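Spelled out from the first residue to the last, the chains are:
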Amino acid sequence: MGEKRRRNAYFLRAIRDLFRFMPFLLWGKLTASVVEGILQVWLPVLTAEIFELAPQLNDVNTSIFRRKIMLLCICVAFPALCSVTLRAVGLYGDCRKEKCYGWNMYGYARRLRLEALEEPKVLDRFRKADAAYSRHLAASRMFSYLLMDLEAALVCISTFFVVGSFSAWLLPGAVCSVLPHLFLDILSEKRRSNTYRGQSGKRRRLKYLWRLFCTKEPVKEMRTMGFEDYLKEKWVASNVEVVKEMEELELRAMRLSAVGVLVKNGCYVANVAIALLLMLRGELAVGQFAACLTAFGLLQDNLFMLSTFVVRFVQSCHHVEEYYAFFYTETEETGTAAYRPFAREITLRDVHFRYPGAGQDALDGVNLTVGKGERVAVVGVNGSGKTTLSKVLTGVYHASSGSVCFDEQNVAEIRREELYRDISLVQQDFVHYNFSLRENICVSDFSRREDEKRIREVAGIVGIQELVQGIGGLDSQLGREFGGSELSGGEWQKVAIARGLFKDSTLIVLDEPASALDPLVEYEILTGFLNMIQGKTSVIISHRVGICRHADKVVVMKDGKVAECGSHEQLKNAGGEYARIWNEQAKWYL
């Protein structure tokens, strides 16, 4: 799609969303703008008529004079009433913006292809879209400025005719007073927009650095390790770079704007001088001269507003583009076939996977079979591809080539939501949810949150019974951020494992499930886990090989490939990569 067609598509989609979510905002602003514009145009005409009637008041025209005075008062007072109305409508728009823009973003973000979140350009796009709706109100503000432009243009055109009816000599100055200002402002806005877009990566880095100073874990580390000054210097250097670019841009814009203002004011003075000369020559009556002054002021104000609102409309259009461009990010491709729980095996055939922007494959021709009910341990050194294997195995990431099949069902053809309902995944980088302990456990299958027996069962397996009592029960808040109980790293990890066990699924994958636990606790939890999931298929990824003695199959990953595969005893006696890892770890316990 060409750039112009894409922008038109964004604009039409924005208007459609406004009609769908905020019709009151749309019609309220449109009505107020049209009525206010008509009254403003009528103002100089009424002024001229009042000045003409005032010297010749009599019994006949006094009532007409009074009516015109009342209409004049309405013309003057109505804009203030419109302003109050528009503020109320704007408040309504603010309240509705989450439903209109936030919900749309959330609904789309949850369908994004997860590999895309590894790409910096996608993260930049997400940041700009979030700012477009949260700070700039996306389409609603664009529409407001469009109406303001239309209102100002209506007033300007009508006032041109009013001024021209007095004398054609007044029109050139009126036109020249705004065109340079409008052109220079649009030029400055174009430069501003290009610069801001070019800074997207820098601004995201700035936000990341600032977040380090506001998050307790990085703050603890930087203070105890003594590198907060280094981080401060990085933040200051990045901030200065961004601010300096914008400062230079704004200084250039101010100089151009000053030129436009000088031209505008010069044209205004020239128009007043021409009108005065025409009055002195008798070509304009006193009332017409007064109406000219009113019209000049109205024209100047609305030409200036037109220029300003055109620039702001262009700004808002850029924000609308940034918001709706997010919806062109690649989403997860779900299949159309119904998922049938596998009865025999999961098979990976010549699977390759490469992260966006990476120079080599994270998985390089993996062939693996996981049988139904089999307990599989995956081991290997850091960076060998263990975690990537778990994500491709469960369909979280799509294989770049090759196939992943549940029995004969290719994952690429299965409806994702059905597949995920049958999989429980405890990730290495598990999330600390600042919810209640019950919610932290039951969020994996919230329909069973009142199943006390099941909750107590998994709590016993992971060894958090004392924790439950110590914090005051399952419904106690976790996380000090909201006044709850803070847990240690190991306790949070136990909660994450409990969350994975709580979900009743056919396939359970644990990725480094005990990295924050000591070996004895790890052994107790994992042996309890294996006892609990009898008959289910499990894949445990670990850098510790002790659990491998309890596995039916051990898979050894190295450089993105399956280096070895077999039982613990087979691989230990083979003297290969597994035996080397086993012997290296055994030294710590001798």
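The residue count restarts for each chain, going from 1 along the sequence in the order it is written. Confidence filtering applies because this is a predicted model: local features only for residues at pLDDT of at least 70, side-chain atom pairs given and counted only at 80 or more, and all residues used for totals across whole chains, interfaces and linings. Think of the side-chain values as coming from all heavy atoms in the structure, minus any hydrogens and water.

Asks: Would you mind going over the pairing of strand S10 (residues 561–566) with me for this structure?
Replies: Each regular strand displays side chains that alternate between the two surfaces of the sheet. Strands were regarded as paired on the criterion that DSSP finds at least two bridges between them. Starting at the N terminus, helices and strands are each numbered in turn, a helix being any DSSP run of H or I of at least four residues and a strand any DSSP run of E of at least two. As paired strands, strand S9 (residues 553–558) and S10 are joined by five bridges and run antiparallel to one another. Counted as the bridge partner of Val554 is Gly566 from S10. Linking two consecutive strands that pair antiparallel, namely S9 and S10, is a turn of two residues; a positive phi of about 55° is found at Asp559 within it.

Asks: Explain helix H7 (residues 179–198) to me, please; I cannot follow it from the model alone.
Replies: An α-helix turns once per 3.6 residues; consequently, residues spaced three or four apart project the same way. One fewer than the residue count of a helix, multiplied by 1.5 Å, yields its expected span. With 20 residues, H7 ought to run about 28 Å at 1.5 Å a step, and its terminal C-alpha atoms sit 29 Å apart, in line with that. Of all the residues in H7, the buried ones are His181, Leu184, Asp185, Ser188, Glu189, Arg192, Ser193 and Tyr196. Where the residues of H7 are buried, they touch helix H4 (120–134), helix H8 (200–214), helix H10 (228–280) and helix H11 (286–325). Only protein chains enter the accessibility calculation, which uses a 1.4 Å probe; a residue is then buried when its area is under 20% of its type maximum, exposed when over 50%, and partly exposed in between. Residues are treated as being in contact if the distance between any of their heavy atoms lies within 4.5 Å.

Asks: I would appreciate a short explanation of unusual backbone geometry in the present structure.
Replies: As a rule of thumb, non-glycine residues mostly have phi less than zero, and peptide bonds are mostly trans rather than cis. Here the phi dihedral of Asp350 falls at roughly 50°; this positive angle occurs in a residue that is not glycine. Among the structural elements, Asp350 can be located in strand S1 (residues 345–353). One non-glycine residue with positive phi stands out, namely Asp407, at about 55°. Take Asp407: it is sitting in the loop between strand S4 (401–406) and strand S5 (409–410). A relative accessible area of 10% places Asp407 in the buried class.

Asks: How should H11 be read in this particular structure?
Replies: For H11, which comprises 40 residues, the first-to-last C-alpha distance of 57 Å matches the rise-based estimate of 58 Å (1.5 Å per residue) to within 8%. The buried fraction of H11 amounts to 29 of the 40 residues, a majority that puts the element mostly inside the structure.

Asks: Any chance you could explain the sheet that holds S1 here in plain terms?
Replies: Sheet strands associate in pairs through backbone hydrogen bonding, adopting either a parallel or an antiparallel arrangement. As summarised here, the arrangement of the four strands in space is S2-S1-S4-S5, forming an open sheet in which the pairing is antiparallel. Each edge of the sheet is formed by a strand with only one pairing partner; in this case those strands are strand S2 (363–371) and S5. In the sheet, S1 pairs with S4 via five bridges, with the strands oriented antiparallel. The residue bridging Thr347 from the neighbouring strand is Cys405, located in S4. Its contacts with the sheet put helix H12 (residues 386–393) on S1, S2 and S4, and the angle it makes with S1 is roughly 120°. Fitting a line to C-alpha atoms yields each axis, with helices limited to the stretch in contact; the angle taken between N-to-C directions then spans 0 to 180 degrees.

Asks: Would you mind showing me how to read the sheet that holds strand S6 (residues 423–426) here?
Replies: Pairing in this open sheet of six strands is mixed, and the strands run S6-S7-S8-S3-S9-S10 from one edge to the other. Two strands close off the open sheet at either side, each with one partner strand: S6 and S10. Across this sheet, the average inter-strand angle for adjacent strands is 15°, counted without regard to direction. Examined bridge by bridge, strand S7 (residues 507–511) and strand S8 (residues 537–541) share five bridges and lie parallel to one another. If you follow Ile508 over to S8, its bridge partner there is Ser538. The strands touched by H12 are strand S3 (375–379), S7, S8 and S9; relative to S8, the strand with the most contacts, the crossing angle is about 155°.

Asks: I'm lost on the packing of H4 against H11 in this one. Help?
Replies: What describes two packed helices is the angle between their axes and the distance between those same axes. Between H4 and H11, whose axes approach to 8 Å, the crossing angle comes to 125°. In this view, H4 runs oblique relative to H11, as classed from their interaxial angle. Note that H4 runs across H11; the crossing there is left-handed. Residues Arg125, Lys128, Ala129, Ala132 and Tyr133 of H4 touch H11, and the partners they reach there are His319, Glu322, Tyr323 and Ala325. Each residue gets one of three labels, nonpolar for Ala, Val, Leu, Ile, Met, Phe, Trp, Tyr, Cys and Pro, charged for Asp, Glu, Lys and Arg, and polar for the others, Gly among them. Here the residues of the contact of H4 with H11 sort into five nonpolar, one polar and three charged. In what follows, roughly perpendicular refers to angles from 65 to 115 degrees, roughly parallel to angles under 35, roughly antiparallel to angles over 145, and oblique to any angle outside these ranges. When the near helix sits turned anticlockwise from the far one by under a right angle, the crossing is termed left-handed; a clockwise turn instead gives a right-handed crossing.

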